[in-house]
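Coordinates in review
Now for the letters of each chain:
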Amino acid sequence: MNLIYFVIFSPLISFFLLIFFQKFISNRQVAIISIISMFISLLSFIYVAYDYYYLCYKSITFHIPFFHWMTIKNYSIKFNFLVDVYSLSMLGMVLLISLCIYFFSFWYMNNSLECSKYFMYTNLFIFFMMLFILTENLVSMFFTWEIVGIFSYLLIGFYFKKEENGYAAIKSFLMTRIGDVFFLISIFLIFFKFRTLDFFVLNHLRGEIIYLNSCSYYIFFIAFFLILAAVGKSAQVPFHTWLTSAMCGPTPASALIHAATLVTMGVYLIIRLYALFLYNLYIMRLLSSIGCITIIISSISAIFEKDIKRILAFSTISQIGYMFLALGTNNVLGAFYHLIFHSFFKSLLFLSAGSIIKHMNGERNILKMGGLYRKMPFIYVVFLIGCSSLASFPFLSSSCYSKGEILLNLLAKKENIFFLCSLLGVFLTSIYSFRMIFLVFHGYNKSIILSIQKNFFYYLSMIFLCLGCTPCTWYILSKIFLNMIYIPEIIRIQYWYIEYISFGVTLVGLMCVYIFYIKQPIFFKGHCLKIIFFPLTSLVFNDWFFDIFYSYFFVRSYLNIIKYFNSKNYFNIEKYFLNFINFSKKEIFKIELINIVYHIKWYIYCLEIVLILMFLEKILVSRWRFL
């Protein structure tokens, strides 16, 4: 188990190597160093997973010491690792997908002038994501939660020279901070009532949780605040609009953020603290309702979207909605299965989209594509496999089993409304999935393709992710969980009916897409479609008025309050302080004063440096005392 340290620290070592030697090595060498570090992490993980699985005959939780962080009065906060079947499965998924994305980035970023910066950001991003997965208490989880958010901001705003990219990064950073405030409040409430922040201890205080839930609203508010934190991070309605705006970064970074890491953090948080949710019916209904509403809204939005990366972002929001729906109906295993399988096929789709965009010289509008299956046959096959997994084709994809598990659980528990909403989501998913295929790869040839040479790592990344989309992944993961965790049996006779129903709904969606976009009868063309679907298109093209509501209700209200205070001269002290900072930056440090995007970036860089230095200082002090 001690090799878990190699798993985690290999990307951090790669980061420091790139910092010190980036001026002396080429882009190719930068990518090779990062790939080797990730490969070492994966090999170490395989040994740890083998050790855990074959030496433990049931799910055992290991607490691996790392360092003592702080002591508040008599309560000691340690930054230790919690190793169990959930954290190991999540860690393996992140490492596999990160390695595939590094392979792809070797080709994608090869000619970029900022290749070393990209790999430095991703190395630290993955390092803190692994710490988030393995952390054993809420304080260290919140710390890594925030650091991962900072690096996602840096990756989303990677091409910051375009002003709209900077504002998209700021939007994602600020909207996720809303949930972070409620996460922090819930941590205080949990500690005030239970006097502990450890996941293992909290999940074994079921008696106290049931008692508090029956006699007060304390558990309700804790769980409600945690839901707000998870909704913000995992881009669920109503805090979902930041994700579609975050498509301006490098496509491999989008695959990393929107498939395996950032957007899954909210789901993983709920799984870790599930005992706080399970015994409150209103909280469970709220989780399921958020999932259902998100599935329908995001799927409808994807049907009318033209930007291929935004379509994939809407599909990510929709699929995470299924995870929230499963968690709200006491189906943790179904949610976790779908989290793992979704990461594979969504990474595959994003990388395929990145290849298409690169060959199309940056074009992302699917209406300007067409006939690409003759010019890009390999990408066509890969994209078809990804879309088949997204649409949950039975017996061909791993996701059909995870989504079938969710649907079967809904049917077994007689959650008929949620079951029908899920089937509607399956229908809408098949529509926007095959719409992408027909418009991008079929139809009239409207595209001029750039000839770009591929390398071995490019094909290797795609093939690995394709294998992750097959039922082999389901077989391996389900075998691990069946051996490690007791799973109550649901009547399996109904399983095949679920598969047939889901497949039938998917075929109906495929037929609708074929009629609308290939046959195109006279009453389904151009202006007729706009008239037929006018209410929906009006909602979709205005992002369902969420951003407009936020602008009027929050932004303008804040500006009016600030304007009032300024008129009363309440901010004289603040003005003197800001003038002093501006004078220091301009006269002492010779830094030019520019727009607000720069100032927020300056703040984030300073925060990032301080937190990392504090973290490393604690590690060094702890190790020195140990020696």
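All of these numbers come straight from a predicted model, not from anything done at the bench.

Turning our eyes to something else, we now look at the packing of helix H2 (residues 27-55) against helix H3 (residues 85-108). Their axes nearest at 9 Å, the elements H2 and H3 cross at an angle of 155 degrees. The orientation of H2 with respect to H3, classified from their angle, is roughly antiparallel. As for the relative orientation of H2 and H3, their crossing is left-handed in sense. Taking contact as the criterion, the partners of Arg-28, Ala-31, Ile-32, Ser-34, Ile-35, Met-38, Phe-39, Ser-41, Leu-42, Phe-45, Val-48 and Tyr-52 in H2 are, on H3, Val-85, Leu-88, Leu-91, Gly-92, Leu-95, Leu-96, Ser-98, Leu-99, Tyr-102, Phe-103 and Phe-106. Classifying every residue of the contact of H2 with H3 gives 18 nonpolar, 4 polar and 1 charged.

Let us now look at the state of the cysteines. On inspection of all chains with the given rule, the structure shows 0 disulfides. With no disulfide of its own, Cys-469 lies closest to Cys-466 among cysteine sulfurs, the gap being 6.2 Å. Of the residues examined, Cys-469 reaches a relative accessible area of 1% and is grouped as buried.

In a regular helix each residue adds 1.5 Å, so 21 residues correspond to 30 Å; helix H15 (residues 308-328) covers 31 Å between its end C-alpha atoms and thus fits that length. With respect to burial, H15 is a largely interior element, 21 of its 21 residues being buried. The residue sitting at the N-terminus of H15 and contributing the capping side-chain oxygen is Asp-307; that oxygen lies 2.9 Å from the backbone nitrogen of Lys-309. A positive phi of about 60 degrees marks Asn-330, the residue just after H15.

Take the packing of aromatic side chains next. Tallying each qualifying case throughout the model produces 59 aromatic pairs. Considering the side-chain rings of Phe-104 and Tyr-458, the 5.7 Å spacing of their centres and the 35 degrees angle between planes classify their relative orientation as tilted. In this pair, Phe-104 is assigned in helix H3 and Tyr-458 in helix H21 (residues 456-468), connecting sequence segments 354 residues apart. On the basis of relative accessible area, Tyr-458 is assigned to the buried category, the value being 1%. For the pair Phe-336 and Phe-481, a centre-to-centre distance of 5.7 Å together with 55 degrees between the ring planes defines the contact as tilted. Pair noted here: Phe-336 is in helix H16 (residues 332-359) and Phe-481 is in helix H22 (residues 471-484), with a separation of 145 residues, a long-range link. Residue classification places Phe-336 among the buried residues on the basis of a relative accessible area of 0%. If you follow Arg-177 out to its NZ or CZ, it ends over the ring of Phe-173, 4.4 Å from the centre.

Definitions and limits used
Residues numbered from 1 in each chain as written. Predicted model: local features only at pLDDT ≥ 70, side-chain atom pairs only at ≥ 80, totals over all residues. Heavy atoms only, no water. Axes fitted to C-alpha atoms, helices over the stretch in contact; angles between N-to-C directions. Helix = DSSP H or I, 4+ residues; strand = E, 2+ residues; numbered from the N terminus. Parallel < 35°, antiparallel > 145°, perpendicular 65-115°, else oblique. Left-handed = near helix turned anticlockwise from the far one by under 90°. Contact = heavy atoms within 4.5 Å. Nonpolar A, V, L, I, M, F, W, Y, C, P; charged D, E, K, R; others polar. Disulfide = S-S within 2.5 Å. Buried < 20%, exposed > 50% of the residue type's maximum accessible area, 1.4 Å probe, protein only. Expected span 1.5 Å × (residues − 1). Polar contact = N/O pair within 3.5 Å; in protein donor to acceptor, adjacent residues only side chain to side chain. Phe/Tyr/Trp six-rings, centres within 6.5 Å; stacked < 30°, edge-to-face > 60°. Lys NZ or Arg CZ within 6 Å of the ring centre and 35° of its normal.

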